[in-house]
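If you want the building blocks of each chain, they are given just below.
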Amino acid sequence: MTTSTRGATKTPAVLVLEDGRIFRGRAYGAVGETFGEAVFSTGMTGYQETLTDPSYHRQVVVMTAPHVGNTGVNDEDMESKKIWVSGYVVRDPARVPSSWRSRRTLDEELDAQGVVGISGIDTRALTRHLRERGAMRVGIFSGDTIQDDAALLARVQEAPQMKGANLSAEVATTEPYVVPALGEKKFTVAAVDLGIKGMTPHRMAERGIEVHVLPATATVEDVYAVNPDGVFFSNGPGDPATADHPVSVMRGVLERGTPLFGICFGNQILGRALGFGTFKLKYGHRGINQPVQDRTTGKVEVTAHNHGFAVDAPLDRVSETPFGRAEVSHVCLNDNVVEGLQLLDRPAFSVQYHPEAAAGPHDAAYLFDRFVSLMEGQRA
């Protein structure tokens, strides 16, 4: 991505999809060009958490809510140290932030971090197009980077696809670090960072867990060097079919019978470790209003999602795996996509969504308590 300092807000911008559909609007954020996978997010709030979620690496996010930026940007709600989205698409950006917590405008933050965006386009039409045709490659061009339509389309079609992309090591920490327990320390957890959000270890710390966050390249020996009571595999970007190393590490954890919890990418890693396949969804689940049923209780939760891939596991029966019996524990009520797995003979489970609620509803916070219960049971 190449960028230059943002000029006037009336700087023209063009969004080009790989199938040739073109939208014309105004520059938002940095002026320049960017490429990625076009996806849409249905959340009406929480854009700052979305932008700084490492799972969105190499994705151009289209906001379905028409008015974006009204709470500005603060210094407390960042989920990582930077904005990870490749580009940002909004219809009607706020002119003036109205939150007392705001420190700067969203436009200013995007510009400062070199994130190319576009505003003033029909995001409803773009979202409908992506729902019908599926997520696809996209380019945003503004200012001097705009050329004739054919040349822009050719550049978009040369960009790499998300399928087959191995991205977790690009967003994960390179050095281990520790998030201390809040209050009395009860457990130690080794968390394999595949693109972890800051709120996730915080939710565990609230429950008396000292979290040792390890790089995506961590080995089984690295995991057990911290003497963990439990092991956690985080969310992250990319195609799970490329994640052979995390799958190997997870199998090592399963062989030892250590309590295990995975979310999002971690759910797909568990699926692969158990012998299930994964596949790319047509347009994925992104937003903070996705209905999921916990099949173990019958309860329906409103949940936060960001995934374009899913686990291919049978919904109608218990499966035999190299690590005992496994079943689908959670399912999306919109399309019956697998949203959770659990082993019946070992202390391991995972969900496809984000229970840390940053941003999003708190319906799934119990999953961290379930992880604690597994570690208590193992210790007993």
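Residues numbered from 1 in each chain as written. Predicted model: local features only at pLDDT ≥ 70, side-chain atom pairs only at ≥ 80, totals over all residues. Heavy atoms only, no water.

### Digging into the UniProt feature "binding site: L-glutamine" (unreviewed entry) in the protein
Put simply, the rule is: UniProt positions are given in the numbering used here, feature names are shortened, and annotations may be inferred rather than shown by experiment. Starting at the N terminus, helices and strands are each numbered in turn, a helix being any DSSP run of H or I of at least four residues and a strand any DSSP run of E of at least two. Only protein chains enter the area calculation, which uses a 1.4 Å probe; residues under 20% of their type maximum are buried, those over 50% are exposed, and those in between are partly exposed. Only heavy atoms matter for contacts: two residues are in contact if any of them lie within 4.5 Å across the pair.
If you check UniProt for "binding site: L-glutamine" (unreviewed entry), the listed places come out as Ser-55, Gly-236, Gly-238, Phe-265, Gln-268, Asn-306, Gly-308 and Phe-309 in our numbering. Their sequence span is 255 residues, while the largest C-alpha to C-alpha distance among them is just 13.3 Å; these annotated residues converge on one region. You can see Ser-55 is positioned in the loop between helix H1 (47–51) and strand S5 (59–63). Among the residues examined, Ser-55 registers a relative accessible area of 5% and is labelled buried. Mapped onto the fold, Gln-268 is located in helix H9 (residues 265–273). Here Gln-268 falls in the buried class, since its relative accessible area comes to 2%. Excluding its chain neighbours within four sequence positions, the residues that come into contact with Gln-268 are Pro-240, Thr-278, His-307, Phe-309, Ala-310, Val-311 and Gln-352.

### What to know about the side chain of Glu-356
Relative to the assigned elements, Glu-356 resides in the loop between strand S21 (348–351) and helix H10 (366–379). With a relative accessible area of 0%, Glu-356 lands in the buried category. Ignoring any residue separated from it by four or fewer positions in sequence, one finds Glu-356 in contact with Lys-197, Met-199, Thr-200, Arg-203, Ile-263 and Phe-368.

### Concerning the UniProt feature "domain: Carbamoyl-phosphate synthase small subunit N-terminal" (unreviewed entry) in the protein
In this structure's numbering, the residues bearing the UniProt feature "domain: Carbamoyl-phosphate synthase small subunit N-terminal" (unreviewed entry) are residues 11–141. Here residues 11–141 is 18% helix and 36% strand, with 11 Å between the C-alpha atoms at its ends.

### Considerations on the nonpolar core
In plain terms, the rule: What is meant by a nonpolar core is a set of buried Ala, Val, Leu, Ile, Met, Phe, Trp, Tyr and Cys residues, joined one to another through side-chain atoms within 4.5 Å.
Among the nonpolar cores identified, the biggest contains 34 residues, and Phe-233, Met-250, Leu-254, Leu-274 and Leu-341 are the most heavily contacted of them. Of all elements in the fold, only strand S12 (187–192), helix H7 (220–224), strand S14 (230–233), helix H8 (244–256), H9, strand S19 (324–332) and strand S20 (338–343) reach the threshold of two or more residues within this core. With five residues, H8 is the largest single contributor of residues to this core. When neighbours within four sequence positions are excluded, Phe-233 is seen to be in contact with Val-192, Leu-194, Pro-246, Val-249, Met-250, Leu-260, Phe-261, Gly-262, Ile-263 and Gly-266.

### Concerning the pattern of salt bridges
Side chains that differ in sign of charge can pair as their charged atoms come close. Rule in force here: Only one rule defines a salt bridge in this text: a Lys or Arg side-chain nitrogen within 4 Å of an Asp or Glu carboxyl oxygen.
Summed over the entire model, instances satisfying the criterion amount to 20 salt bridges. One salt bridge in this structure joins Arg-155 and Glu-33, with 2.6 Å as the shortest N-O distance. You can see Arg-155 sitting in helix H4 (residues 149–158) and its partner Glu-33 sitting in strand S4 (residues 31–41), a full 122 residues away along the chain. One continuous salt-bridge network, built from bridges that share partners, spans Arg-203, Glu-206, Arg-207 and Asp-369.

### Section: unusual backbone geometry
Even without being a glycine, Cys-264 presents a positive backbone phi close to 60°. Secondary-structure assignment places Cys-264 in the loop between strand S15 (260–263) and H9. Its identity as a non-glycine residue notwithstanding, Ala-357 has a phi of 60°, on the positive side. On the basis of relative accessibility, which here comes to 11%, the residue Ala-357 falls in the buried class.

### Section: the environment of His-245
What counts here: Polar contacts, as counted here, are pairs of nitrogen or oxygen atoms within 3.5 Å of one another; within protein the pair requires one atom able to donate a hydrogen and one able to accept it, and residues that are adjacent in sequence qualify only if both atoms are side-chain atoms.
Counting through the fold element by element, His-245 comes out in helix H8. The sequence separation of His-245 and Lys-81 amounts to 164 residues, and the corresponding C-alpha distance is 25 Å. Side-chain polar atoms of His-245 contact the backbone oxygen of Ala-218, separated by 2.8 Å.

### Here we look at the domain arrangement of the protein
Our working rule: Bear in mind that the domain bounds are from an automatic or database domain assignment. Buried area: the sum, over both parts, of the accessible surface (1.4 Å probe) that disappears when the two are put together. Just so you know the grouping, Ala, Val, Leu, Ile, Met, Phe, Trp, Tyr, Cys and Pro go in nonpolar, Asp, Glu, Lys and Arg go in charged, and all remaining residues, Gly too, go in polar.
Assigned domains within the protein: domain 1 (12–158) and domain 2 (168–379). Computed from C-alpha coordinates alone, the two centres of domain 1 and domain 2 are separated by 28 Å. Contacts between domain 1 and domain 2 engage 23 residues on the former and 23 residues on the latter. Here domain 1 and domain 2 share an interface that buries about 1900 Å² over both sides, 48% of which is from carbon and sulfur atoms. Sorting the residues of domain 1 by area buried against domain 2 places Pro-54, Ser-55 and Glu-79 first, and these three jointly supply 28% of that buried surface. The residue Glu-37 makes a salt bridge to Lys-280 at a minimum N-O spacing of 2.6 Å. For the pair domain 1 and domain 2, the interface holds 13 residue pairs in polar contact (both at pLDDT 80 or more). Across the side of domain 1 that touches domain 2, the residue classes tally to seven nonpolar, nine polar and seven charged.

### Quick word on a positive patch on the surface
Heads up, the rule is: Patch membership needs two things, relative accessible area over 30% and no salt bridge, and members are linked within 9 Å if like-charged or within 5 Å if nonpolar (Val, Leu, Ile, Met, Phe, Trp, Tyr). A 1.4 Å probe and the Shrake-Rupley method give the accessible areas. Residues count as covered only by the protein chains that appear here. Neither His nor the chain ends is counted toward charge; the positive residues are Lys and Arg and the negative residues Asp and Glu. Here the site of a charge means atom NZ of a Lys, CZ of an Arg, CG of an Asp or CD of a Glu.
Taken together, the side chains of Arg-124, Arg-128, Arg-131 and Lys-282 make up a positively charged region of the molecular surface. Looking at the positive patch, the element that brings in the most residues is helix H3 (residues 123–133), giving three residues. Structurally, the position occupied by Arg-131 is in helix H3.

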